[in-house]
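# Inside the fold
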Amino acid sequence: MSDLPDPSPEQPAPKTAKPKSLLRSSLLTGSMTMTSRVLGLVRDIVLASVLGAGGAMDAFAIAQKIPNFFRRLFAEGAFSQAFIPVLAEYKEKGGRDAVKELVDKVAGCLGSILLLFTLLGIAGAAGFAYLFAWGYADEPEKFSLLIELIRITFPYLMLISLTGFAGAILNSYDRFAIPAVTPVFLNIFMIAAALLVADFFPNPAYALAWSILVAGIFSLLFQLPFLQQLHLLPSPKLDWSHPGVKRILVLMTPALFGVSVSQLNLLLDSIIATMLGDGAVSWLFYSDRLVELPLGVFGVAIATVIMPGLSRLSAAQSTQKFSDMLDWAIRFVVLIALPATLALIILAKPILFTLFYHGEMKLHDITMSTYSLKAYALGLFAFMLIKVLVPGFFARQDMKTPVRTGIVAILANILMKPLAVIPLAMLGLGHVGLAFTTAMAAYVNAFLLYRGLRKAGVYTPASDWSKIWLRYGAANLAMVAVLLGILQFWSGWAEWHLLERVVRRRFD
């Protein structure tokens, strides 16, 4: 890049992570993420008990989904994918002062965009409610609650996006644990709000909404001391002409779409679900949360770890090591995703009964959530594969290819919706059609991304993949046989008390 000073002669050559180092980093990030996800599961159990499905839960699910959707664009998606390769290049060629200047200028520009968008979101909460949940427009009480909840939760977008910005810097310096543990705070605050202060509000959903805002503030403040340790605590400066900022904006614009394909499909499900009757949004919410558990623990962890490494290898033009790192990541996805997919499909009902069947949650809600969980689980392998394939493009600052594949995947999803949703809606199972088409669209996207990496010549699968598929296939068939055999002897989950369900789930 022309705006970077020449590297000094004594500057060390770029380090490339070995598989063992990658595995350690992935396990560390995964363990931290696992802690967060387990607490997230506890949070969802509490939500099911306090709010159940339908009514306030439907409104809250949409209200928290809107800022989270944009958060995944800014914090975990387009911004991070555009920022990390540029930051890696500045580290490689510019030194500490150039990196600090870039961080300051990006903080000022990103912060101003987020502040403006947050103010627009609060002022236009009714518009967002119509856009994302027009099916509730003829339910005045629920729609009014949704608007109020959006106004409370929307500032979370700015706070958690800035937290993501700080986390991207820390990840670039291989400080993976701090960003990985930060989501724990959201779950802790939400659980505390539901159990301790919900009774002080006219509707428990208000307490949960305020807890999201407080968690966003705390998460951002938590990361700042660790940036100070790196001497990279931002001093925001608004400078749109800075070459690094301009480069990030150029890379980020197409990435806004390319990285959000899965999220757009899930959001489309929620929008249509608001027109499928009371409870549909909640059923999809609980199903999605269980699929997000392995996806967040392993898929996101692997993608987080490989992104800085791929960026460094791309900057150093080390093609073979770039391919080896991608191959390792794909192999790890196959190892985790296949058994997780099969287990979620087979054990969908026992899992949902064990976790959510208490308090305000009804038997009908569990049954309907079971169907959508199985449909979503079909796409878990593709969801995880997308997480590790997309960095292969963004690390090379290729933002256009994921956009093209994303457009095809979304069009495929839209075309499949009527074929699946309309017939199933006649049976009262329209939400299952939404989950199924989203899963299938993910496979379209994953295949196109994989083919794109092969055509670009940056990824060549290792020679032992046939043996890997045979070993993994045999192991998964054995697991399926055992699980199906156990379930033949155990039934009646609805009649059992909570402790009995937990004990039997452990044996499963």
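Keep in mind the model is a prediction, meaning the values are calculated, not measured. (Residues numbered from 1 in each chain as written. Predicted model: local features only at pLDDT ≥ 70, side-chain atom pairs only at ≥ 80, totals over all residues. Heavy atoms only, no water.)

### A short note on the pattern of salt bridges
Scanning the entire structure with this criterion turns up 11 salt bridges. Where D398 meets R396, a salt bridge forms, and the shortest distance between an N and an O atom there is 3.9 Å. By relative accessible area, which is 26% here, R396 ends up partly exposed. Salt bridges sharing partners connect three or more residues here, namely D58, E139, K142 and D278. (Salt bridge = Lys/Arg side-chain N within 4 Å of Asp/Glu carboxyl O. Buried < 20%, exposed > 50% of the residue type's maximum accessible area, 1.4 Å probe, protein only.)

### Comments concerning the packing of helix α14 (residues 319-346) against helix α16 (residues 363-377)
Between α14 and α16, the least distance of the axes is 8 Å, while the angle of their chain directions is 165°. Our classification of the angle between α14 and α16 gives roughly antiparallel. Of the two elements, α14 crosses α16, and the hand of that crossing is left-handed. Contacts between α14 and α16 involve T341, L344 and I345 from the former and L373, K374 and A377 from the latter. Looking at the contact of α14 with α16 residue by residue, the classes come out as 4 nonpolar, 1 polar and 1 charged. (Axes fitted to C-alpha atoms, helices over the stretch in contact; angles between N-to-C directions. Helix = DSSP H or I, 4+ residues; strand = E, 2+ residues; numbered from the N terminus. Parallel < 35°, antiparallel > 145°, perpendicular 65-115°, else oblique. Left-handed = near helix turned anticlockwise from the far one by under 90°. Contact = heavy atoms within 4.5 Å. Nonpolar A, V, L, I, M, F, W, Y, C, P; charged D, E, K, R; others polar.)

### Digging into helix α9 (residues 184-197)
In this model α9 runs 19 Å from its N-terminal to its C-terminal C-alpha over 14 residues, within 8% of the 20 Å that 1.5 Å per residue would give. Listed as buried for α9 are V184, F185, L186, N187, M190, I191, A193 and A194. (Expected span 1.5 Å × (residues − 1).)

### Remarks on the nonpolar core
Residues F60, F83, L146, L149, I150, F165 and F356 are the most contacted members of the largest nonpolar core, which totals 148 residues. Per-element tally for this core: the top contributor is α14, with 15 residues. Those residues in contact with L146, other than ones at most four positions away along the chain, are A59, I62, A63, A129, A133 and Y136. (Core = buried A, V, L, I, M, F, W, Y, C linked by side-chain atoms within 4.5 Å.)

### A closer look at the packing of aromatic side chains
Two aromatic rings are characterised by how far apart their centres lie and by the angle between their planes. If you walk through the whole model with that rule in mind, you get 14 aromatic pairs. Arranged with centres 6.0 Å apart and planes meeting at 70°, the rings of Y450 and Y459 form a pair that is edge-to-face. Owing to a relative accessible area of 30%, Y450 belongs among the partly exposed residues under this scheme. Classification of Y459 by relative accessible area gives buried; the value is 1%. A cation over an aromatic ring shows up here: K91 above the ring of Y173, its NZ or CZ 4.1 Å from the ring centre. In this structure, K142 packs its charged tip against the face of Y136, placed 4.3 Å from the ring centre. (Phe/Tyr/Trp six-rings, centres within 6.5 Å; stacked < 30°, edge-to-face > 60°. Lys NZ or Arg CZ within 6 Å of the ring centre and 35° of its normal.)

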